[in-house]
Amino acid sequence: MPTNKPKIRNSTKSFQICFCTFKKKQLKILIIEDEEGLRDSIEEYFTGDNNICETAKTYTAALGKINLYRYDCILLDITLPGGSGMDILKVLKENNYPDGVLIISAKNSLDDRLDGLNLGADDYLVKPFHLSELKARVSAIIRRKTFNGSNQLMFNELTIDLLAKEVKVGQNQLKLTRKEYALLLYFIANKGKVVSKNAIAEHLWGDGIDLADNFDFIYSHIKNVRKKLVEGGCRDYIQAAYGMGYKFSDQ
Amino acid sequence: MKLQTRYNYVNLVTTIIVLLITGLVYYQAISWILTWQKDKDLKDEEQEIVQYVSINHQLPQTFQTNDQQTSFTAAAPGSVQREFINTVYFKKWDKGDGHRRHHHEKAGEYEPGRGLVTSVTVGDQYYKVLIIESEVETEDLIRLIFTITIGVILLLLLALLLINRLVLRRLWQPFYGILGELRSFNIADNREITKVDTSTDEFTELNVVVTNMAQKAKHDYKDLKIFTENASHELLTPIAVINSKLDTLIQTGNLNEKQSGLLNDLYSAVSRLNRLNQSLLLLVKIENKLLHEEKPINLKDLVEETITQLEEIFNDKSLTVACSLEDKQITGSRYLADILVSNLVNNAVRHNYRGGELIITLTAESLVVKNTGEDWPLDAQRIFTRFHKSSGSEGSGLGLTISKQICNNFGFSLTYGFSNAYHTFTIGFGSAGATG
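Note that the structure is a prediction, hence the values are computed from the model and not measured.

Participant: What is the right way to read the side chain of A:Lys179 from this model?
Facilitator: Looking at the secondary structure, you find A:Lys179 in helix H7 (residues 178-189). Accessibility expressed as a relative area gives 7% for A:Lys179, which makes it buried. Excluding residues within four positions of it along the chain, A:Lys179 makes contact with A:Leu204, A:Trp205, A:His221, B:Thr308, B:Gln309 and B:Glu312.

Participant: Honestly, the sheet that holds strand E7 (residues 123-126) of chain A in this entry has me stumped. Any pointers?
Facilitator: Residues and elements named next belong to chain A. With respect to topology, five strands assemble into an open sheet ordered E2-E1-E3-E6-E7, the strand pairing being parallel. On the outer flanks of this sheet lie strand E2 (51-56) and E7, each paired with one strand and no other. Within this sheet the neighbouring strands show an average axis-to-axis angle of 20°, counted without direction. Examined bridge by bridge, strand E3 (residues 73-77) and strand E6 (residues 100-105) share five bridges and lie parallel to one another. Bridge pairing links Leu 76 to Ile 103 in E6. Across the sheet, helix H2 (residues 36-46) touches strand E1 (27-32), E2, E3 and E6, and the angle it forms with E2 is around 165°. Contacts from helix H4 (residues 85-94) reach E1, E3 and E6 within the one sheet, and its direction differs from that of E3 by about 150°.

Participant: Help me understand the packing of aromatic side chains, please; the structure alone is not making it clear to me.
Facilitator: Where two aromatic rings form a pair, the distance of their centres and the angle of their planes describe that pair. In the structure shown here, the tally under the stated rule is 13 aromatic pairs over all chains. Judged by centre distance (5.2 Å) and plane angle (50°), the rings of A:Phe155 and A:Phe248 are tilted. A residue pair is termed long-range when its members are at least 10 positions apart, and A:Phe155 in strand E8 (residues 152-155) and A:Phe248 in strand E14 (residues 245-248) qualify at 93 residues. Neither residue differs from the other here; A:Phe155 and A:Phe248 are each classed as buried. Ring geometry for B:Trp172 against B:Phe203: centres 5.5 Å apart, planes inclined by 65°, an arrangement best described as edge-to-face. A residue pair is termed long-range when its members are at least 10 positions apart, and B:Trp172 in helix H3 (residues 136-183) and B:Phe203 in helix H4 (residues 201-249) qualify at 31 residues. Judged by its relative accessible area of 24%, B:Trp172 is partly exposed. Taken together through their ring pairs, the aromatic side chains of A:Phe155, A:Phe187, A:Tyr237 and A:Phe248 make up a single cluster. In this structure, A:Arg70 packs its charged tip against the face of A:Tyr97, placed 3.6 Å from the ring centre.

Rules used throughout
- Residues numbered from 1 in each chain as written.
- Chains lettered and ligands numbered in written order.
- Predicted model: local features only at pLDDT ≥ 70, side-chain atom pairs only at ≥ 80, totals over all residues.
- Heavy atoms only, no water.
- Helix = DSSP H or I, 4+ residues; strand = E, 2+ residues; numbered from the N terminus.
- Buried < 20%, exposed > 50% of the residue type's maximum accessible area, 1.4 Å probe, protein only.
- Contact = heavy atoms within 4.5 Å.
- Pairing = 2+ DSSP bridges.
- Axes fitted to C-alpha atoms, helices over the stretch in contact; angles between N-to-C directions.
- Phe/Tyr/Trp six-rings, centres within 6.5 Å; stacked < 30°, edge-to-face > 60°.
- Lys NZ or Arg CZ within 6 Å of the ring centre and 35° of its normal.

If you want it as structure tokens, here you go:
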């Protein structure tokens, strides 16, 4: 089965998030999406945690906003009433606006994806997606924009070296597998949110997900990560949520 | 049998029969005319004899020319009935024929002759008169006619052959042109049927009909594809909304066990719906050849990556995975190759049982994915058709269809086999065009 989510091996940049930035500076996110239901959900998911969300539902409204304000990240739908999101992207780039751009499109064609990335978009996510996936990608974009590739991600006692892909609890280095590492980053990007098992499975296994509808393997996977973290001296941040997902939280 | 051959065959048989009949009629007519001529000569001779006898009152001296003999024999009065007879003519050789006489002891040879038996009365004596004329010229004539007839037949055959070679083939050229176009016609192709250049009404008409039909078929097919694509596209947004609403819903907290169970079911259903939809879109794209990347792909690396990617799932199902991979480079869309390999491997896992086996063999010629599973073979005819699923399968029913399409796209073959409790899917790299 095809999937819009790139597999782990070619999407490491998606996990490069820096949580610590959220506390220092308020983040502004613009959601350009004409579908009300989707727009509202994204807005709700992203608002809070020191983020401010603005929305635009038409081409003209979006154009007006990007010409007036700067955003840390713009979520850009391609098919909009009144025009194409690609043209908005062009305007952004022609004016050298530094806003990060994540295209969210229903078009899953390689050409569109390449066009968008060639025009200067930072990432491309195909509908439908899990909000947690979107959050992880946005975080990665903002981190890259703000820190010009700084490679330290910290969460309380956890320190993650994003270049070396190393996780430390204090001075104690943890040995995580590629997927365990990816899972940890995904959790941190969606800190405080319940992440569904489906979202986790699709993020980590991509296509492989549909062949095992019982998500036992996710359970054992998470059990392993949790065990490694706790044994390394980390607090247990991973909480099971109602049997349908997990929540990474320090509260 | 080709139309030309059939036409020639009929033509040939008719010609031969007609010519034979003509020859026969011709022969009859000529021989009748000649006999009539001979009979007239004989009557003239008879007349002369009668005149001679009435003037001279004695028999004329029997004389013999090259082609006529007359003999008189005394007979009882009234015993001779006047009649024309077919008889033989004894031809004596002249001195000039000495060489012949040397070979034959006889003094001459028999030739077919025409005779007239009549009577004459000299005084009281009644004589039977026999006049015989050689018919050898008639025979020669008939032989000539026969030769000419055969000659004409041969000439006609030659003419037919030439007509066939030069004219008919050219006449039918547009037909074969149209046939060739039809044969190479592919409904999913963008190529139009080219107009065949001909001034023959029938072929022009045929061409127009064929072109229109092809256009209509293509148009309908395109409509159908556009419909599928649009329908799938339109579905994406509501699926995206449901997905995001579910993600939002689980944030609200305080869900009881029953509610979370329901949400889990919803998640799986949406996820399935999404996969199904993506598969349909992908199929349209492959059929439209929209994924026409030409990149070198190391298949060995790709298979290894796929296996690494699914490691946890193999472990979860306690599958024994055995790989024997040789280096193999192919060219095409990396995206499609990725889907092809993971589809086959996923399939082998999905239809496997706990503790089963998975064997992947990659050689320069083929990629073979073998797995344990059901104890009976699948329906090889139907597994590649859309939405064909084995009972209890959680897949979309499109996985193998997509795999097959991708193989077609790459020019590979994809075959299924079952032996010794192993289900085997084989991608043959070399057999371009071997599949439908």
